[in-house]
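These are the residues of each chain, in order.
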Amino acid sequence: MSRALNLNASQEDVLASCARAKAPITQIESLVSGGTRVVLRNGEDAATIGRLYKGKIITDRVTRIPGRLLHG
């Protein structure tokens, strides 16, 4: 399983759920298209959070906020 999940939930909600589940987050970001993208430490943690958000996993394409652009 991928370590990344796109969830139809706020960052605050995802942060709280991951803390309760003791599932360390590697990266978290809001999605332009709505919701939150979270990357967990490993597939097992991602599976745990995936079960918690079973009905809120976004399976369609999402629009992410561009990261820092490098000029060169």
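Computed from a predicted model, the values in this text were never measured in an experiment.

**Student:** Got a minute to help me understand the pattern of salt bridges in this structure?
**Tutor:** Think of it this way: side chains of opposite charge can pair up when their charged atoms draw near. By the definition in use, this model includes 2 salt bridges. Here Arg64 and Glu29 are joined by a salt bridge, their closest N and O atoms 2.9 Å apart. With Arg64 in the segment after α2 (43–52) and Glu29 in strand β2 (residues 25–30), the pair connects residues that are 35 residues apart, well separated along the chain. On the accessibility criterion, Glu29 (11% relative accessible area) is buried. In this structure, Arg41 and Asp45 form a salt bridge, with 3.7 Å as the shortest nitrogen-oxygen distance. Take Asp45: its relative accessible area is 10%, and that puts it in the buried class.

**Student:** Just to check I follow, could you spell out helix α1 (residues 11–21) for this structure?
**Tutor:** The periodicity of an α-helix, 3.6 residues per turn, causes residues three or four places apart in sequence to face the same way. All of the buried residues in α1 are Val14, Ser17 and Cys18. The arc that holds every buried residue of α1, seen down its axis, measures 100°, which confines them to one face. In α1, the exposed positions that point more than 90 degrees away from the buried face belong to Glu12, Ala19 and Arg20. Just downstream of α1, Lys22 is the residue with a positive phi angle, here 55°.

About the thresholds
- All residue numbers refer to positions counted from 1 along the written sequence of the respective chain.
- Reporting of local features is limited, given that this is a predicted model, to residues whose pLDDT is at least 70; pairs of side-chain atoms are given and counted only at 80 or more, and all residues count toward the totals for whole chains, interfaces and linings.
- Water and hydrogen atoms play no part in the side-chain values, which are based on all heavy atoms of the structure.
- The term salt bridge refers to a pairing of a side-chain nitrogen on Lys or Arg with a carboxyl oxygen on Asp or Glu at a separation within 4 Å.
- Helix and strand definitions follow DSSP, with helices as H or I runs of at least four residues and strands as E runs of at least two, each counted in order from the N terminus.
- Whether a residue is buried, partly exposed or exposed follows from its accessible area with a 1.4 Å probe, protein chains only, as a fraction of its type maximum: under 20%, in between, or over 50%, in that order.
- This arc describes the spread of directions from the helix axis toward the C-beta atoms.

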